[in-house]
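# Inside the fold
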Amino acid sequence: MAKKSVKVDPDDGLIVGEVGPWATEKHERLRKYIDAAGPTRAKYVPPKGWATASYIELYSGAGRSLIDGSNRIIDGSALVAYKAAKSSAMPFTDLHLSDLEQVNSDAVAQRIKALGGVAQNYHGPADKIVDRALGALNPHGLHLAFLDPFSLGQLPFSIIEKMLKFRRMDMIIHVSLFDLQRNLDDYSSIGSYAGFWVTRRSGGVVFRHLDDLDAVFESDTCDDLRQLICAFQPPPGL
């Protein structure tokens, strides 16, 4: 079997990933969320606060991506997030970026550095890296995790459970509708993916679809969210 050719960005000579055209829509939603949350982040960071405002990605890719079927190279979600926060009311105080492949993890860290930032980068399976990334966070800070796995099989529910142990951890989760379609026909008209916002509130869980933030699901447990994430490939033992 022939090796898949490695594509690079001619602007920096670093590796790029490949994404579908819908990636730009996902990134625009991420950008808007980060910009809107800027004033809230400012409350947790000096001089107003005494903590941090962190950003976490466990499936970061290389930081730049080629859109399938075109010659267009775009920023990946990690660069979109960094730039959006930098131009908002409050940048992130720390970035924690990881990818399964070290070449991707190294590339995204270099790209953040080229923009004037610093990222703590990791590489390896997300369910193994999550403990290291979360262990580096200020427990009193305000954190945003962007979870955009290639497939649901790469997102064990244990990752979400661990993140929800933080008092102030917001998550934006994107999942492929090709994985969910058999179980979530109501979402099949949205496009190629579904986006969800998850956070803790008063000890419970708030779960909203990004296309309808007024449609709120609230629960004291994670059972319904567990059912959603595990619908296609339930992790063993859950």
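Just above sits the structure.
For clarity, every value in this text was computed on a predicted model and none was experimentally measured. (Residues numbered from 1 in each chain as written. Predicted model: local features only at pLDDT ≥ 70, side-chain atom pairs only at ≥ 80, totals over all residues. Heavy atoms only, no water.)

### Here's the deal with the packing of aromatic side chains
Here is the rule we go by: We call Phe, Tyr and Trp rings a pair once their centres come within 6.5 Å, taking the six-membered ring for Trp, and we label the pair stacked below 30 degrees between planes, edge-to-face above 60, and tilted otherwise. Labels follow the DSSP assignment, with helices taken as runs of H or I lasting at least four residues and strands as runs of E lasting at least two, numbered in each case from the N terminus. The buried label applies to any residue whose accessible area, calculated with a 1.4 Å probe on protein chains only, is under 20% of its type's maximum; exposed applies above 50%, and partly exposed to all values in between. The criterion is that NZ of a Lys, or CZ of an Arg, lies within 6 Å of the ring centre and within 35 degrees of the ring normal, and then a charge sits over that ring.
Tallied over the full model, the rule gives one aromatic pair. Geometrically, the ring pair formed by tyrosine 55 and phenylalanine 92 is tilted, given 5.1 Å between the ring centres and 35° between the ring planes. Of the two residues, tyrosine 55 sits in strand β2 (residues 53-57) while phenylalanine 92 sits in the loop between α3 (77-86) and β5 (94-99), which places them 37 residues apart along the sequence. Given the relative accessible area of 0%, tyrosine 55 is considered buried. A cation over a ring is seen here: arginine 41 above phenylalanine 92, with NZ or CZ 4.8 Å from the ring centre.

### A short note on the sheet that holds strand β4 (residues 73-75)
Hydrogen bonds along the backbone pair up the strands of a sheet, which may run parallel or antiparallel. We apply this condition: Strand pairing is assigned whenever DSSP identifies at least 2 bridges connecting the two strands. An axis is simply a line fitted to the C-alpha atoms; with a helix, the fit covers only the stretch in contact. Between two such axes, the angle follows the N-to-C directions and lies from 0 to 180 degrees.
Strand order in the open sheet made by the three strands is β1-β3-β4, with mixed pairing throughout. What marks the edges here is a single partner per strand, and that holds for β1 (17-19) and β4. Pairwise comparison of adjacent strand axes, ignoring direction, gives a mean angle of 45° for this sheet. When β1 meets strand β3 (residues 64-67), the two strands line up parallel, connected through three bridges. Across the sheet, valine 19 pairs through a bridge with isoleucine 67, a residue of β3.

### Observations regarding unusual backbone geometry
A cis amide bond, omega 10°, links proline 46 with the succeeding residue proline 47. Among the structural elements, proline 47 can be located in the loop between α2 (38-42) and β2.

### Quick look at the nonpolar core
Quick reminder of the rule: Joining through side-chain atoms within 4.5 Å is the link that ties buried Ala, Val, Leu, Ile, Met, Phe, Trp, Tyr and Cys residues into a set, and such a set is a nonpolar core.
Leu58, Leu147, Ile159, Met163, Met169 and Met171 are the most contacted members of the largest nonpolar core, which has 22 residues in total. Elements represented by at least two residues in this core include exactly α5 (126-135), β7 (142-147), α6 (157-163) and β8 (169-176). With five residues, the single largest contributor to this core is α5. Within the second largest apolar cluster, 19 residues are counted, among which are Tyr55, Ala119, Leu144 and Ile172.

### A few points about the pairing of β3
By the alternation rule, side chains of β3 split into Arg64 and Leu66 and Ser65 and Ile67, which are all buried. Where β3 lies against β4, three bridges are found, and the strand directions are antiparallel. Of the residues in β4, the one forming a bridge with leucine 66 is isoleucine 73. The turn linking β3 back onto β4 is made up of five residues, and glycine 69 within it adopts a positive phi angle of 75°.

### Notes on helix α1 (residues 23-36)
Side chains three or four residues apart in an α-helix point the same way, a direct result of the helix having 3.6 residues per turn. Rule in force here: To estimate how far a helix should reach, multiply one less than its number of residues by 1.5 Å. The directions considered for the arc run from the helix axis to the C-beta atoms.
Taking 1.5 Å of rise per residue, the 14 residues of α1 would be expected to cover 20 Å, and the 20 Å separating its terminal C-alpha atoms lies within 8% of that figure. Buried within α1 are the following residues: Ala23, Lys26, His27, Leu30 and Ile34. Buried positions in α1, seen along its axis, are confined to an arc of 95° and lie on one side of it. The exposed residues of α1 that point more than 90 degrees off its buried face are Lys32 and Ala36.

### Points about the pattern of salt bridges
Which entries qualify depends on this criterion: Note on definitions: salt bridges are taken to be side-chain nitrogens of Lys or Arg within 4 Å of carboxyl oxygens of Asp or Glu.
What the rule picks out here adds up to nine salt bridges. One salt bridge in this structure joins arginine 31 and glutamate 28, with 2.4 Å as the shortest N-O distance. Residue arginine 31 and its partner glutamate 28 are located together in helix α1, separated by three residues, close to a single helical turn. The exposure class of arginine 31 is partly exposed, given its relative accessible area of 34%. Accessibility expressed as a relative area gives 32% for glutamate 28, which makes it partly exposed. If you follow the salt bridges from partner to partner, you end up with Asp9, Arg64, Asp75 and Lys83 in one network.

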